[in-house]
Amino acid sequence: MDGFLLLFKEKGISSHQLVQKVKKLLSLKKVGHLGTLDPMAEGLLVLALNRATRFSSFFLNSDKVYQANVKLGSKTDTDDALGKIIDSSDQIPTESEIDSALKSFIGISKQEAPFFSALKHKGQPLYKYAREGKYISKPPREINIFSIKNVKHTFMECSFQIHCSKGTYIRSIARDLGDNLGCGAHLCGLKRISQGVFNIEDSKIAEETDLNFLVTIEEAFLTYKKIQLDEMNTKAFLNGVKITLEDFNDNYYRIYDYSSSFLGLGLIRESSLALTRLV
């Protein structure tokens, strides 16, 4: 009952609603998710069950891949198709102009979040202020766009796959693309393909999933290198005592006891291993 469940979130339902639905279907008590998807979006939503919630922070910071569809020629107040059109243009950008504008996003930059977002101001989400006509800007945040590929064009619409860092708003990418092209744009479709080590190909809709599809905590961290401790160091590690280990780079590791049982994660800094998370 401890691990990660990979769900396919369908359009029209909020991430919170899907979490509650799965909790009821599988009679679960402690469930969290590793990052929301807007109601308009679909795709991979990862749930952490029970003790796996302790490890959620490692994946909240992971990069993501999305399939995005952008409508050119109109701008909305929410930066997506659910909002009101606040500006429009008859200007038709060329395919080469669109490709060039998309390439300009690749790399590290500062991004302004949408007015309709879950970021908070004085303890309240920005979208609540925006619904009251109060549009509050937050300081731009650093993001990293690793790649934009599989770009396709139709009349006044384009689609592409984008690989990005945590905190990236694809709605803002659509908005800024329209601004850069001078014609306005908004996001009209979004699908999350992957998040860290988790992939949409392994996801199930709520009605088809069960605990047999659970990814264990250990399986979720198989990309981390392994350290096995002897009996003395196992006891020290479990008691929170730092252990000196030479010849290991500074990083997180999967930690196993002397009998090869998975204990959790440890962090090495300057040849010193410290407990980070226990299963």
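Nothing here was measured: the structure is a model prediction, and the numbers come from that model. (Residues numbered from 1 in each chain as written. Predicted model: local features only at pLDDT ≥ 70, side-chain atom pairs only at ≥ 80, totals over all residues. Heavy atoms only, no water.)

### Observations regarding the overall build of the protein
Next, step 1: Per the secondary structure count, the protein includes 7 helices and 18 strands.
Next, step 2: For the C-alpha atoms alone, the extent of the protein along its principal axes is close to 75 × 45 × 40 Å.
Next, step 3: Within the protein, the proportion of its 279 residues that are buried is 46%.
Next, step 4: Relative to all contacts within the protein whose residues are 6 or more apart in sequence, the contacts with residues 24 or more apart total 68%.
Next, step 5: Entry remark: accessible area of the protein is about 14500 Å², with carbon and sulfur atoms responsible for 48%.
Next, step 6: The centroid of the 37 positive side-chain charges in the protein is displaced by 7 Å from the centroid of its 33 negative side-chain charges. (Helix = DSSP H or I, 4+ residues; strand = E, 2+ residues; numbered from the N terminus. Buried < 20%, exposed > 50% of the residue type's maximum accessible area, 1.4 Å probe, protein only. Contact = heavy atoms within 4.5 Å. Areas by Shrake-Rupley, 256 points an atom, 1.4 Å probe, with all protein chains shown as cover. Lys, Arg positive; Asp, Glu negative; His and termini not counted. Charge placed at Lys NZ, Arg CZ, Asp CG, Glu CD.)

### Focus: helix H7 (residues 231-238)
Next, step 1: For H7, the complete set of buried residues consists of Asn233, Thr234, Ala236 and Phe237. The buried residues of H7 occupy an angular sector of 165 degrees when the element is viewed end-on, so they sit on one face. Opposite the buried face of H7, by more than 90 degrees, sit the exposed residues Met232 and Lys235.
Next, step 2: Its buried side turned inward, H7 meets strand S15 (243-244), strand S16 (251-256), strand S17 (262-269) and strand S18 (272-278).
Next, step 3: One side-chain oxygen of the residue at the start of H7 lies 3.3 Å from the amide nitrogen of Met232, identifying that residue as Asp230.
Next, step 4: Of the residues trailing H7, Gly240 is marked for its positive phi of about 80 degrees. (Arc of directions from axis to C-beta. Polar contact = N/O pair within 3.5 Å; in protein donor to acceptor, adjacent residues only side chain to side chain.)

### Overview of the layout of surface pockets
Next, step 1: Considered as a void within the structure, the largest pocket measures approximately 1200 Å³ in volume.
Next, step 2: Along its surface, the largest pocket is lined by 39 residues, and Thr36, Asp38, Ala118, Tyr169 and Arg171 are the ones closest to its centre.
Next, step 3: Here the residues of the lining of the largest pocket sort into 17 nonpolar, 12 polar and 10 charged.
Next, step 4: By volume, the second largest pocket is sized at about 190 Å³.
Next, step 5: Contributing to the lining of the second largest pocket are 15 residues, with Asp77, Asp79, Pro114, Phe115 and Arg175 lying nearest its centre. (1 Å grid on protein atoms, 1.4 Å probe; cavity = no way out; pocket = protein on both sides within 12 Å on 5 of 7 lines; lining within 4 Å. Points joined across faces, edges and corners; volume = space filled by probe spheres on them. Nonpolar A, V, L, I, M, F, W, Y, C, P; charged D, E, K, R; others polar.)

### Some remarks on the side chain of Arg171
Next, step 1: Mapped onto the fold, Arg171 is located in helix H5 (residues 170-181).
Next, step 2: Residue Arg171 is classed as buried on the basis of its relative accessible area of 6%.
Next, step 3: When sequence neighbours within four positions are dropped, the list of residues in contact with Arg171 reads Asp38, Thr78, Asp79, Asp80, Pro114, Phe116, Ser117 and Leu187.

### Section: the nonpolar core
Next, step 1: Core analysis: the biggest nonpolar cluster contains 28 residues, and Val70, Leu72, Phe160, Ile162, Ile170, Leu177 and Leu187 have the highest contact counts within it.
Next, step 2: Elements with a contribution of two residues or more to this core: strand S4 (64-72), helix H3 (95-103), strand S10 (141-154), strand S11 (157-164), H5 and strand S12 (185-195).
Next, step 3: Of the residues forming this core, the biggest block, 5 residues, is contributed by H5.
Next, step 4: Those residues in contact with Leu177 that lie beyond four places of it in its chain are Val70, Leu72, Ile98, Ala101, Leu102, Phe105 and Cys158.
Next, step 5: Counting 21 residues, the second largest nonpolar core, distinct from the first, contains Leu34, Phe59, Phe198 and Phe221. (Core = buried A, V, L, I, M, F, W, Y, C linked by side-chain atoms within 4.5 Å.)

### Some thoughts on the pairing of S18
Next, step 1: In the sheet, S15 pairs with S18 via 2 bridges, with the strands oriented antiparallel. Its bridge partner being in S18, Thr244 is matched across the sheet by Ser272.
Next, step 2: Where S17 lies against S18, 6 bridges are found, and the strand directions are antiparallel. Each bridged residue has a counterpart across the sheet, and for Gly264 the counterpart in S18 is Leu278.
Next, step 3: Turn length for the S17-S18 hairpin, with the two strands adjacent in sequence and antiparallel, is 2 residues, and the turn residue Glu270 shows positive phi of about 50 degrees. (Pairing = 2+ DSSP bridges.)

### Digging into the sheet that holds strand S14 (residues 226-228)
Next, step 1: Overall, mixed pairing links the 5 strands, which are arranged S14-S16-S17-S18-S15 in an open sheet. Strands with a single pairing partner mark the edges of an open sheet, and in this sheet they are S14 and S15.
Next, step 2: Packing of H7 onto the sheet brings it into contact with S15, S16, S17 and S18, and relative to S18 it is tilted by some 60 degrees. (Axes fitted to C-alpha atoms, helices over the stretch in contact; angles between N-to-C directions.)

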